[in-house]
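# Secondary and tertiary structure notes
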Amino acid sequence: CDDEYKKYHYQLSQNEIVIARTDDDIVQLLESKKICGIQDDYPFWSQQNCVPWAGKPVWVTPPPPQSSSLVTTTPNTELSADNAKSDYHHHVFFDDNIHNDPTDSIVAVRYCDNNDKNKTNPREEKKKMFTSLNGKDTICMQGKHVVRVPTIDAILDKYWFLRQIALAEKKVVEDGSYCF
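The rules behind these values
Residues numbered from 1 in each chain as written. Predicted model: local features only at pLDDT ≥ 70, side-chain atom pairs only at ≥ 80, totals over all residues. Heavy atoms only, no water. Helix = DSSP H or I, 4+ residues; strand = E, 2+ residues; numbered from the N terminus. Buried < 20%, exposed > 50% of the residue type's maximum accessible area, 1.4 Å probe, protein only. Areas by Shrake-Rupley, 256 points an atom, 1.4 Å probe, with all protein chains shown as cover. Expected span 1.5 Å × (residues − 1). Core = buried A, V, L, I, M, F, W, Y, C linked by side-chain atoms within 4.5 Å. Contact = heavy atoms within 4.5 Å. Pairing = 2+ DSSP bridges. pLDDT = per-residue confidence, 0-100. Salt bridge = Lys/Arg side-chain N within 4 Å of Asp/Glu carboxyl O.

### Observations concerning the overall build of the protein chain
Looking only at helices and strands, one finds 5 helices and 7 strands in the protein chain. Ordered by position from the N terminus, the helices and strands of the protein chain form the series β-β-α-α-β-β-β-β-α-β-α-α. Burial statistics for the protein chain: of 180 residues in total, 34% are counted as buried. Accessible surface, the protein chain as shown: approximately 11,600 Å² in total, 49% of it carbon and sulfur.

Take a look at the structure:
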C-alpha cells in the first residue's frame, strides 16, 4: 500500500517508561531541550525493507511566513539563545547513511504544515498533525532538515556541523517552500 507510511506513529521511552506518545508531545519534549540523542529501532526499519517512513524520525514544520532569518551563525561561532531570531525550531537530522534513494532511507521525515489552512474555528486549540513523507519528498528535505555526514570531514573539522546548520538555515529561508 502506498499510504502504509501514513499510519505509523512514534513514542519516546526512557528506562522503558513512555514519556511522550504523540508527535506533538514528542516535538514539545524535543524543543524543551538544547540537544537530544534518540536511539532508533533498527530491527523495525530493517523488517520494513529500509523504507523511509520506518527510519529514524525527524519532525519538521515550515518556518513561519516572512521568516527572513532563523539563527545568525558563522562557521566559527557557537549557537546560542543570544543569536536566535525567532521561536522557530529548525530540526536538523545528521547521519552518515543518507543517500538519494526514495525506496531506502535511514530517516523518516514527519511533516506538519503549521499554517493550519483547514482550521474552522480560530479559537480552537488544536494539536499539530504530522505525517510521514514518502521517499521522494524525504529527498527534497536534504540540505534543509536532513544532512548526510561524511564522517572523516566531521572529525577533522571542528566547525563542520556548525557550517552545515548555517547552510541548512540559509536553504530553508532561500527556498521558501518545500517540494510538495
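Picking up where we left off.
### A closer look at helix α5 (residues 160-175)
Because each turn of an α-helix spans 3.6 residues, side chains separated by three or four positions end up pointing in the same direction. Taking 1.5 Å as the rise per residue, α5 with 16 residues should run 22 Å; its terminal C-alpha atoms sit 22 Å apart, in good agreement. Here α5 has its buried residues at W160, L162, Q164, I165, A168, E169 and V172.

### Section: the nonpolar core
Core analysis: the largest hydrophobic core is formed by 15 residues, its most contacted members being V109, M141 and V146. A total of 3 residues in this core trace back to one element, the largest contributor, which is strand β5 (residues 107-111). Ignoring any residue separated from it by four or fewer positions in sequence, one finds V109 in contact with V58, V60, T131, S132, L133, T138, M141 and V146. The next biggest cluster of nonpolar side chains, apart from the first, holds 10 residues, and it includes Y10, V27, L30 and A108.

### Looking at the environment of M129
Following the sequence through the fold, M129 ends up in the loop between β5 and β6 (131-132). Remark: the alpha-carbon pair of M129 and D23, spanning 106 residues in sequence, is separated by 7.5 Å.

### Considerations on the sheet that holds β6
Taken in spatial order, the 3 strands line up as β3-β5-β6 in an open sheet, and their pairing is mixed. Two strands lie at the open edges of the sheet, namely β3 (56-60) and β6, each paired on one side alone.

### Looking at the environment of Q11
Tracing the backbone through its elements, the reader meets Q11 in the segment before β1 (12-14). The exposure class assigned to Q11 is partly exposed, which follows from its relative accessible area of 44%. For the pair Q11 and D23, spaced 12 residues apart in the sequence, the C-alpha separation amounts to 7.5 Å. Setting aside residues up to four positions removed in sequence, Q11 forms contacts with V18, A20, R21 and I26.

### Quick notes on the confidence of the model for the protein chain
Averaged over all residues, the pLDDT of the protein chain is 78; the fraction at 70 or higher stands at 72%. Here β1 is the element of the protein chain with the lowest mean pLDDT, 79, and helix α4 (residues 151-156) is the one with the highest, 96. Scored below 50 in pLDDT, residues 117-124 makes 1 contact in the model with residues more than four places away or belonging to other chains.

### Quick word on the pattern of salt bridges
According to the stated counting rule, one finds 4 salt bridges in the structure shown. Between D95 and K56 there is a salt bridge, with its nearest N and O atoms 2.8 Å apart. In this pair, D95 is assigned in strand β4 (residues 93-95) and K56 in strand β3, connecting sequence segments 39 residues apart. A salt bridge links D157 to R163, with the nearest nitrogen and oxygen atoms 2.1 Å apart.

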